Amino acid sequence: MKLKEYIERLKTGCKKWEIVLWWIVRLVMIAGMIESFVNADKYEDKIRTMMVGNLVLTFGWEIFQLFPEKHLFRHLPAAAQDFTNVYIVLTAFFGAYINFYYTVWWWDTLLHFVSGGLCVLAGYAFIKAYEERDGKKVPIPVAVLCAFSVSFMFGTLWECWEFSFDQFLGGDTQHWSLALAEESKINHMIFQPAKEFMSEEWKSRFALMDTMTDIVANTLGAVIGGITLKIALHKEEKEERAAENKKEKATVNV
């Protein structure tokens, strides 16, 4: 692939405001990454590693454009990187680097809710990639069901990742450590009043309630995202039919 062709593909595949958004996100991540290395005593190694890894992810769409024409990822819309980059800022920068996960008790639940909806869009992005690559239109019910299912898949995989990270690398992503929870504000949960936190029963169910809160939030976000996607697709289909009818009438009149 020639460099000129690659650059042209990038220009035609995304809008100028998207490029600006992406680089704002990247600069924010770079600034945080540099600060985490300069003040190494303030941050754990896993925070720095995560910042570097997520910075690479912000270039995902540009990297995919290097793939062969037949590869599915090559046809993902630039919008996939829009919401991916925004979500990286919310999770990696504000959540882990700024430490909102341990200072803002509702932050994690909010992100699970938002991710449920965003993963529906991610699923639909893959549907659009299939349509562009294969030149076939996917029926709306199938597209919505697939996008909805992808959201559930990502939600499940994320909980598996959190469990594995805590189990084998000594993390606390599922907040199994009550001692850490008592030192922070995360002991306030949506499904349990804060005043009940110190009960023995609540202590034994703390990690379970954290995980189930995440799953319920993911589900609610996915449901709202799926409904919104279905409405948007039917509206788009209706507008396309109206445009076709108008074109046919104009042809007949000529």
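Computed from a prediction, not measured in an experiment: that's the story for all the values here.

Cut-off values and rules
Residues numbered from 1 in each chain as written. Predicted model: local features only at pLDDT ≥ 70, side-chain atom pairs only at ≥ 80, totals over all residues. Heavy atoms only, no water. Helix = DSSP H or I, 4+ residues; strand = E, 2+ residues; numbered from the N terminus. Buried < 20%, exposed > 50% of the residue type's maximum accessible area, 1.4 Å probe, protein only. Contact = heavy atoms within 4.5 Å. Areas by Shrake-Rupley, 256 points an atom, 1.4 Å probe, with all protein chains shown as cover. Patch = residues over 30% accessible without salt bridge, like charges linked within 9 Å, V, L, I, M, F, W, Y side chains within 5 Å. Salt bridge = Lys/Arg side-chain N within 4 Å of Asp/Glu carboxyl O. Lys, Arg positive; Asp, Glu negative; His and termini not counted. Charge placed at Lys NZ, Arg CZ, Asp CG, Glu CD. 1 Å grid on protein atoms, 1.4 Å probe; cavity = no way out; pocket = protein on both sides within 12 Å on 5 of 7 lines; lining within 4 Å. Points joined across faces, edges and corners; volume = space filled by probe spheres on them. Nonpolar A, V, L, I, M, F, W, Y, C, P; charged D, E, K, R; others polar. Expected span 1.5 Å × (residues − 1).

J.: Explain the overall build of the protein chain here, please?
T.: In terms of regular secondary structure, the protein chain is built from eleven helices and zero strands. Starting at the N terminus and ending at the C terminus, the protein chain contains elements arranged as α-α-α-α-α-α-α-α-α-α-α. Looking at the protein chain as a whole, 39% of its 254 residues are labelled buried. Sequence-distant contacts in the protein chain: of pairs separated by 6 or more residues, those separated by 24 or more amount to 67%. Carbon and sulfur atoms form 68% of the exposed surface of the protein chain, whose accessible area is close to 15500 Å².

J.: Just to check I follow, could you spell out a negative patch on the surface for this structure?
T.: On the surface, a cluster of negative charge is contributed by Glu236, Glu239, Glu240, Glu244 and Glu248. Assignment of secondary structure puts Glu236 in helix α11 (residues 206-253). On the accessibility criterion, Glu236 (33% relative accessible area) is partly exposed.

J.: Explain the layout of surface pockets to me, please; I cannot follow it from the model alone.
T.: Size it by volume and the second largest pocket reaches roughly 230 Å³. In terms of lining residues, the second largest pocket is bounded by 13 residues, among which Arg74, His75, Leu76, Pro77 and Glu132 are the most central. Contributions of two or more residues to the lining of the second largest pocket are made by α1 (3-13) and α7 (107-134). The dominant element in the lining of the second largest pocket, judged by the number of residues it contributes, is α7, at three residues. A breakdown of the residues in the lining of the second largest pocket according to their chemical character gives five nonpolar, three polar and five charged.

J.: How should I be thinking about helix α2 (residues 16-38) in this particular structure?
T.: Count 3.6 residues to each turn of an α-helix, and residues three or four apart come out pointing the same way. Over its 23 residues, α2 extends 33 Å from the first C-alpha to the last, a length consistent with the 33 Å expected when each residue adds 1.5 Å. Those residues of α2 that fall on the buried side of the exposure criterion are Glu18, Trp22, Val25, Arg26, Met29, Gly32, Met33 and Ser36. Buried positions along α2 lie against α3 (45-57), α4 (60-64) and α5 (79-97).

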